Structures are given as C-alpha cells and as structure tokens.
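Structure at a glance
So you can see what is in the structure, the chains are spelled out below.
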Amino acid sequence: MKQFLEGSRAVAEIVKLCKPGVISAYPITPQTHIVEELAQMVANGELNAQFVNVESEHSAASVVLGAVATGVRAFTATSSQGLLYMAEVLFNISGLRLPLVLTCANRAISAPINIWNDQQDSVSLRDSGWIQFYAENIQEAADLHLLAYRLGEDKSIMLPAMVCMDGYTLTHGMETVDIPTQGEVDKFLPSYKPLYKLDPAEPLTMGLLADPDYYLETRFAIQETFKEVLKMIPKISEEFKNRFGRDYKDGLVEEYCTKDAEKVIVAMGSVCGTIKEVVDAQRAKGKKVGLLKIISYRPFPYAKVDDALKDIPRIAVLDKAVSLGAYAPLAVEIKATFFGKKKSPKLISSFIAGLGGRDITFESVKEIFTKLNRKEVNLEFIDLKPELLKEEYGV
Amino acid sequence: MEYNPLFKPGHTACVGCGQAVAARLVIEAAGSNTIVVNNTGCLEVFSTKYPETAWGVPWIHSLFENAAAVASGVEAALIYLGKSPPNGGMPPITPTADSANGGKAAKDTINVIAQGGDGGTADIGLQALSGMLERGHNILYCCYDNEAYENTGVQRSGLTPYATNTTTTPPGTKSIGNIRPKKPMPEIANAHGIAYVATASAGFPQDIQRKVKKAMSIKGPKYLQIHVPCPLGWRHGPELTLEVAKLAVETGLYPLIEYENGKLTAVRKIQPKPVEEYLKVQGRFKHLLNNPEEIKKIQAIADANIEKYNLKVKPGAT
Amino acid sequence: MFGPLVVKPSKSKGDKTGSWRVKLRPKYLQKNCIACKMCALICPEGCIQGKEKNTYISDYNYCKGCGLCAQVCPKADIVMIEEGSEGEKK
C-alpha cells in the first residue's frame, strides 16, 4: 500500500514484514532511524523479535551471527565506521555461510570524520563474501531487502547480503513507497529453514580450524556460489515482478537509455537518479547519452555489463569511493570486463565524485559527459576546490 | 571404548593440559542440553581441528573476542524460539536473602555457555563480555585462566601474575618480568550486578562441577573463572598440573570465592602455605627463586587476598 | 554450492593421541581401587573409564601418558611404568 515515508522507515517496514526473530542495534548516523523504527515496532508489539541493544557494532554483527547460527532469521544495520568495525565479523559470517541481511546506510570513512554520504564503507568490504546490492531510491532500498533474504537463505546459496542505501539522501529523504502486505511477502519469502544450526537435538560443530589441507576449498566454494547467485537473481527478480509488479528486469543492472547511446555513465546508488535527469535533458536535445546502473555490485555482473556496454563507444565510470593508491574500484571492474574483448568501448574514463557528501549536481554530470569527448582519463576527481587545494595542500 | 561423552578424547591439547581437564568438567556438569560458544584460543584450536571435533554438544567458534556477543545472539534466538525464558529485568538492588537464590532457571531451558581463555575474556573480549553481563542474558561465561596467551606461545595477558616470565615480559637485567598484577576480572564481572560470580581451579575438579551446576540453576548472566595450569607456559611437568593448581589456591594467590547477587557468600578456607612452594615448581618463576625481595612482594599479594577474602581457616576448625 | 565446514560429533573419532606417549604410561593395578573416580575426573583426555572398584582403566589409544591419574590416585593403585615395558601395544 503506497505511503509517503522516510527511507529509514520504509526499510524498517519491509524488515518487519520479513519477520526477523533477532535484531541487534547499535547507533551510528545516518543508519540509526532504521533501528529506532524497529525498536518502536517491537515495543508496540507489531514485531515479535528479540531486540538486542549491543555495546558495539562488532557485537551487533556477532549477535546476529549467533542468532542465524541458531536457525533464526536476523537483521542489523550500520554505516561507515560501524561497518569497518564489523569487518572481521562480516568475513566470519560469510565464511560460516550464514544468510543474514544487513542494511548499510552508506557514509564516508574517517579521518577526517564525516557523516555524509559516499560509498567508501561498503565498497571497501567488497571482498568480504557478502552479496552487495545498491539502491537508487527508497522503493528500491526497501525491495532489495526482500530479494536479499530470499536469495541468501536459498539452500544452494547460504550467503549474507548487504543492502546499501546512500546515507541521508535515502535514509532521511522521503518518497512515496509501496509497502506490500504481510500476506504478499509471506508468499514471496518463506520462513527461514537453516541447512544446519546449533541445536542440542542434533549437535554439531561450527567454525572449526581448517588447516592448509582444507581452507582453499572453502573460498572456492563461495566463489562458485556467487556464480549461482548471478543466475538466481534474475529468476527471483522475475518472481518479484509478478508478485509485486515492480520490474527490476534481471536485478543485476538497469540500462537507462543505453541502447543507441554514444556515451554512458556507469554508477551505483542515488546519484543514478541525478544522472537519469541529465540523460533525459540531454536526450531531449538529441544527445545520445545513457546510464548503466549497477544494482548487484557483488557478485559483479561482468557478462551483463559486457552485453550492455560493448557497443557503446565512450564510457565514464563514476565512483563514489576511492581505492587509495590504485584505480577507482568500480572503474576497475568495468575495465576488467572488456580487457582483451573483441567488441569493447573505445574509451573508458574513470571519475571520482561526491566523497564526504560533496554534492554531485546536474553540472557535475554534464561535465563528465563533456569530458568523454576528450581522450581517456585514468582517474579524475570531479568538483575539487582549487582554492582549498592551494591553501591546505599547496597544490 | 565407545565414547559419546560431551568432550571426547582425541583432541590435541598438550600433555597434562589443565584447560582440557576443566573444559570437560564444565560441559559434563552443564550437560547435553547446552550450546557452547567459544572464543579463539587453545581450547578452540585443540578441540576442533577439522575434520575432528571433541564436542558432543552444539558448539560454535566465531572470533577471538566475540563469544559473549555471539552467545547473546544464540540466547536471543532461543528466547524467540521459546526454548529459553525472556531475560533482562532489573538485578536485585539490595541483595536480600531470598533474592540470593535469584530467579530459578526453568527446567527445560537450553543452557548457553560462552567461554574463552584469560586473554580472550579479560583483554580482547572484555567489551563483548561486559555487554553480555549488562544486558542480563541467561548465559554462563566461563573463563579458563592459564594466565597468558598460551596458544600463540605464552605472551603476557591482563591476567598474567606479577613478575611472571612470558615471552613478551621476559626477565632481563632491566626487568623482573611482568610488572603488573593480575587484572581483578571476577570483581569486574561482579561489579555488573549479576546473579553469580565464582572462581574455581583445575586442582579442585568436583568444585568446578558444583559451581557449574549451581550457575546453571540461576537465571541471568553468570561468570565463572577457572584457574587452569598450562605445563607448556608455566613450565612444569604434566604430572604436576593438579598439584600446581592446588598450591595456587593453598597459598592464597588464587582465592576460590563465590558472589551471589553481589555479596561474597562463600570462600574456600585454606591453611596458607608460603608462596615459594608454588613458585619453585614452575619454570615461569625460576628467575625469582634467588630474589627474596620479589618473593616478598608476591607473598604480600597472597596475604592481601587472604585478608580481603578472609581465607585463613580458623585454628582448630577442621 | 556446498556449504561450510561443519562436523557431526558422531563422525569424529579424533586423533589417536596414544602415539604421543614417549616414556611413561599408567598401569592400573586394579587391586586397591575404591572407585573414587578422581582419575577419571582429572584425566585431560577424559579417556579413563570404569564402574565399580578395580575396573578403572585408560584407553591407550588416547592416553598421552601425562601421569596425572597416578598422581591423584589416593590408593596408589595406578603407577607409571616405562612405555612398552610390558609389551602392551601402543
């Protein structure tokens, strides 16, 4: 039923419908409204869950690890420093193959401390073995939680999933959101039946020491499973469309005006909304431009990206994260898609923008499209302040 | 011999390991209706080297410092599943006699034990433990105190005794070894206002089992710290594990005490022996044996314990 | 694809740590044993079993020869003997 909701509230409403049995909560801006809303639902008896207020994010992740290991669906949310503090536990959760859903309200990484949005936090955990979805808007953020649970808990997958939504832009922004009924969700998302769990009735040992004779295969198994995930996302998206009427096509990427485009920007998250508006404006002036929105960053949909961009001459990749000392994280994936391929774009330029909440305006997007006229750019920061560079950094 | 005990032989603990003794005693006392969450450490490593496991109960290891938090999640899940009574609630403000036995734990409740070594508990795991205790989870936290990071090769921890030789507090011309006394972990646990705190020792096996059973009968968070000799790290013969553990208690260096709802309700009385008897059988204190001044300081620590907990058995009392 | 490393207790026989014994092994005289169970209680391997008096013995597949049982036996009914001195299989 359509409601005008704050992003955090929309996520809380969807999570409630997923009926997690255990929720762990630790505050960190800008994620906190999500757990606050859930706390109120639990307090009002709308949601039968054990709500555990923990003393740190490391423990927030550990509590839900323990809950899922005991066979109960669980949920937690965090941002930025919290996600990094959880990092050790997040690798552990995927290594233990425990399906769990975590919302990351994307926020910059300290130092300097900054509570505004960019994607450095979740992107820096791209190797953690977690499925990672990135939402463009609040509806998507809500819907992706349903996909995340359904996918992760599948017996052939058994992997945790992170739904990444831009801090403030989406968590504190308000949009009209269609929140499905409990009945509809129950049909789409069966109750969690673990493959194995901690139960005195059937004792077993989890989290063993794997010496060199056994460790390598555990990572191979997860890597192979991600291939399964790539195949399963389109199927589940299809079912999602039939049940809820929202079409995420294959759930991996969204191709916006890319078919005959000469220039396409590749990006993730809420900036895609800004890019779409610039694309519309430029298309109205006859300019063939487009956007490729990556929804599933892990597993990365190489084949899908190849298919979508191989005939596009000029590509700009817009990263809202930075891999300090190397090329930008998303750009690297796009370049890797095409290296050595017969059909590939003439030029793939890499741009970094919006770190620490710096606005990415229509002008910034237009500037990127313009810069695609020139030769390839390995990595360029957009909207730097020359006077600041001069004063502070003597550049 | 066919084994279905809860902690089976075939694990790879060092010969004469005190922690192996205590771990088996704890789980046998807790019984099969128990889920164990274990921090990284000797116990975890020597009992679950894939594809072997010594554990006959559901057991999980996550990381070095989060057993208390993972266990909190296990317990929360059990509550959700109706297999454990709701937790939380106010601890009794002023410990009164009747509240001394605290809320009884329901018969069919699944026991949850979180456990780790001294480092995993008092150092790296202290925060998660404090959270678990403060939140009132119905969990027994068990700390196996072998007084150093033994698994990584005998490095100093917060519970390493004064003047001990460890690889990171070696004696030398400029140092007598570990310059700090043990962190008062039982008192720290007790300060959380929880229902039951106790110390035990591998030298008194039945006492361990009595205290585990008692802990399991009490609702809410419980903390049990068990002194467990480590022949490797303490440098004594494997056959002396029992003897060394007893001496620690009998010299007053390791008081066996019980707090119920914050009140000291029981201590093991001793006829104090001089600390030197304890020190001289361990290589980790060998550097002190011709250093009477340092031995006096250690004796002072023991005497302070004896006085603080009134450990000395009354003359004439049996 | 296949899941993580999880072990069912029934599947695990553990390592045959009896091979660790170098010098000594416990010999159960089973003459003055009063079934006080102290040996079984303090065995780090938990491999000592018995029911009534004079029936306690360790499983030499697992016994590491630490000597704690001989130390604790109130009746000195367990003695440490040279490994292999009585031709028992390891």
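Scoring rules and cut-offs
- Residues numbered from 1 in each chain as written.
- Chains lettered and ligands numbered in written order.
- Predicted model: local features only at pLDDT ≥ 70, side-chain atom pairs only at ≥ 80, totals over all residues.
- Heavy atoms only, no water.
- Pairing = 2+ DSSP bridges.
- Helix = DSSP H or I, 4+ residues; strand = E, 2+ residues; numbered from the N terminus.
- Axes fitted to C-alpha atoms, helices over the stretch in contact; angles between N-to-C directions.
- Contact = heavy atoms within 4.5 Å.
- Expected span 1.5 Å × (residues − 1).
- Bend = angle between axes of the 7 residues up to and from the residue.
- Parallel < 35°, antiparallel > 145°, perpendicular 65-115°, else oblique.
- Left-handed = near helix turned anticlockwise from the far one by under 90°.
- Phe/Tyr/Trp six-rings, centres within 6.5 Å; stacked < 30°, edge-to-face > 60°.
- Lys NZ or Arg CZ within 6 Å of the ring centre and 35° of its normal.
- Buried area = accessible area lost by both parts, 1.4 Å probe.
- Salt bridge = Lys/Arg side-chain N within 4 Å of Asp/Glu carboxyl O.
- Polar contact = N/O pair within 3.5 Å; in protein donor to acceptor, adjacent residues only side chain to side chain.
- Nonpolar A, V, L, I, M, F, W, Y, C, P; charged D, E, K, R; others polar.

**Here we look at the sheet that holds strand E4 (residues 74–78) of chain A**
The seven strands lie next to each other as E3-E2-E4-E5-E7-E6-E13 (chain A), forming an open sheet whose pairing is mixed. The sheet terminates laterally at strand E3 (50–53) and strand E13 (296–298) of chain A, the two strands that pair on one side only. Sheet twist, expressed as the average angle between the axes of neighbouring strands with direction ignored, equals 20°. Two elements, strand E2 (residues 22–25) of chain A and E3 of chain A, share four bridges in a ladder whose sense is parallel. Considered in E3 of chain A, the bridge of Ser24 of chain A is made with Val52 of chain A. Helix H3 (residues 67–80) of chain B rests against E2 and E3 of chain A of the sheet, and its axis sits at about 155° to E3 of chain A.

**What about helix H8 (residues 215–244) of chain A?**
The terminal C-alpha atoms of H8 of chain A, which comprises 30 residues, lie 41 Å apart, in line with the 44 Å expected from a rise of 1.5 Å per residue. A maximum bend of about 30° is found in H8 of chain A at Met232 of chain A, where proline Pro234 of chain A lies one to four positions downstream.

**Considerations on the packing of helix H1 (residues 18–30) of chain B against helix H8 (residues 205–216) of chain B**
All names here are of chain B. Running from N to C, H1 and H8 cross one another at 40°; their axes reach a closest spacing of 8 Å. Relative to H8, the element H1 is oriented oblique. Along this stretch, H1 crosses H8, giving a crossing that reads as right-handed. In contact with Ala22, Leu25, Val26, Glu28, Ala29 and Ala30 of H1, H8 contributes Pro205, Ile208, Gln209, Val212, Lys213 and Met216.

**Some words on the packing of aromatic side chains**
For any pair of aromatic rings, the description rests on two quantities: the centre-to-centre distance and the angle between the ring planes. All names here are of chain A. On inspection of all chains with the given rule, the structure shows 13 aromatic pairs over all chains. Their ring planes at 45° and their centres at 4.6 Å tell us that Phe240 and Phe244 sit as a pair that is tilted. Pair noted here: Phe240 and Phe244 are both in helix H8, with a separation of four residues, about one helical turn. Ring-pair connections join several aromatic residues into one group, and the members of that group are Tyr134, Tyr297, Phe300 and Tyr302. Above the ring of Tyr149, the side-chain terminus of Arg73 is found at 5.2 Å from the ring centroid.

**Some thoughts on the interface of chain A and chain C**
Across the contact, 21 residues belong to chain A and nine residues belong to chain C. Counting each side, the surface lost to burial between chain A and chain C is near 1100 Å², with a carbon and sulfur contribution of 72%. Where chain A meets chain C, there are zero salt bridges. Linking chain A with chain C are one residue pair in polar contact (both at pLDDT 80 or more), by the criterion used here. Contributing elements (two or more residues each) for the side of chain A that touches chain C: strand E9 (205–206) and H8 of chain A. Counting residues per element, the side of chain A that touches chain C draws most heavily on H8 of chain A, which supplies seven residues. Residue classes in the side of chain A that touches chain C are distributed as 11 nonpolar, six polar and four charged. Strand direction decides the pairing type here: E9 of chain A and strand E1 (residues 6–7) of chain C, joined by two bridges, are antiparallel. Its bridge partner lying in E1 of chain C, Met206 of chain A is registered against Val6 of chain C.

**Re the interface of chain B and chain A**
Tallying the contact residues gives 41 residues for chain B and 38 residues for chain A. Of the roughly 3000 Å² buried at the junction of chain B and chain A (both faces included), carbon and sulfur atoms supply 65%. Along the contact surface separating chain B from chain A lie two salt bridges. Residues Arg135 of chain B and Glu55 of chain A are paired through a salt bridge, measuring 2.8 Å at the closest nitrogen-oxygen approach. Linking chain B with chain A are 13 residue pairs in polar contact (both at pLDDT 80 or more). Counting residues per element, the side of chain B that touches chain A draws most heavily on H3 of chain B, which supplies 10 residues. Its residues assigned to classes, the side of chain B that touches chain A comprises 21 nonpolar, 14 polar and six charged. Bridging between E9 of chain A and strand E2 (residues 59–61) of chain B involves two bridges; their strand directions are parallel. Opposite Met206 of chain A, over in E2 of chain B, you have Ile60 of chain B as the bridge partner.

Bear in mind that shape data such as this cannot, by itself, settle questions of function.
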